[in-house]
Amino acid sequence: MSSPRAADRPRGRRAARLAVGALLAAATAVVALPAAPAQAAEAKVVYLTFDDGPSPRYTPQVLALLSQYGVRATFFEIGQNVAANPAVTRQVAAQGHSVQNHSWSHPDLRKLSRSAFQDQVTATDARIRAQTGTTPTCLRPPYGGVNGTVRSAAAGLGKSIQLWSVDPQDWARPGRAAIERRVLNAVKPGSVVLLHDGGGDRSQTVAALPAVLRTLKSRGYTFALLPCR
Ligand SMILES: [Zn+2]
């Protein structure tokens, strides 16, 4: 997805004139439209999501911080990791978080046959359901790899595809401060933030969480689960 930061920072006088023009156009548009009801999109809600777990090492650390700050999040878990760490998945659900489907073994779903796609999703559903009592309704394709075939296959299994709008690239371990700065610079109302609790050394993500949670709360944000029934 394109970077909202780039769009928020026009540079130079030409950019400034464009920005003024955009403001005038926006003002005109507001005048021309009928009064709108309170905009849900403007609510200061942020959706934290954690991918690639459960990890016996990092997921409990993430859970402890979320609990400390009274925050709930959505976890997109990998089926084979659930099979290896079922108690961790139970703990995630027991603390009120949402556990959703991130495939069985993290392939690029665009490269799979329909039957292999179904195996990846339904095997993961079964493992998660066995631990949480709930079948995921949301699917996050690994790498954000989506095309028409993936959308169609997901819809055929009753899955809603959920991607993200803020990606601090925490998986690449850019350092705690970079993760904090990238999230805090980019979050706006309705943002879906991609973080990782599994798939490798996630100590930087864990270290960044307290400042991220504290700062977003101080800005008036609340934290919600993605709408995966
Ligand atoms: Zn992933």
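Just so it is clear, the model here is predicted, and its values are computed rather than measured.

Calculation criteria
Residues numbered from 1 in each chain as written. Predicted model: local features only at pLDDT ≥ 70, side-chain atom pairs only at ≥ 80, totals over all residues. Heavy atoms only, no water. Disulfide = S-S within 2.5 Å. Helix = DSSP H or I, 4+ residues; strand = E, 2+ residues; numbered from the N terminus. Buried < 20%, exposed > 50% of the residue type's maximum accessible area, 1.4 Å probe, protein only. 1 Å grid on protein atoms, 1.4 Å probe; cavity = no way out; pocket = protein on both sides within 12 Å on 5 of 7 lines; lining within 4 Å. Points joined across faces, edges and corners; volume = space filled by probe spheres on them. Nonpolar A, V, L, I, M, F, W, Y, C, P; charged D, E, K, R; others polar.

J.: Which residues make up the state of the cysteines, and what values do they have?
T.: Under the counting rule described, the total for this entry stands at one disulfide. With a sulfur-sulfur separation of 2.0 Å, Cys 138 is cross-linked through a disulfide to Cys 228. Its torsion about the S-S bond being -105°, the disulfide of Cys 138 and Cys 228 is classed as left-handed. On the criterion of sequence distance, the pair formed by Cys 138 in strand β4 (residues 138-139) and Cys 228 in the segment after β7 (222-223) is long-range, its members being 90 residues apart. Comparing Cys 138 with Cys 228, the two get one shared label, buried.

J.: Please provide a residue-by-residue account of empty space enclosed by the protein, values included.
T.: Under the counting rule described, the total for this entry stands at one cavity of 30 Å³ or more. One number sums up the size of the largest cavity: a volume of about 40 Å³. What lines the largest cavity is Leu 109, Leu 112, Ser 113, Arg 114, Phe 117, Thr 149, Val 150 and Ala 153. Elements represented by at least two residues in the lining of the largest cavity include exactly α6 (114-132) and α7 (148-156). If you tally residues by element for the lining of the largest cavity, the top one is α7, at three residues. Its residues placed into classes, the lining of the largest cavity shows five nonpolar, two polar and one charged.

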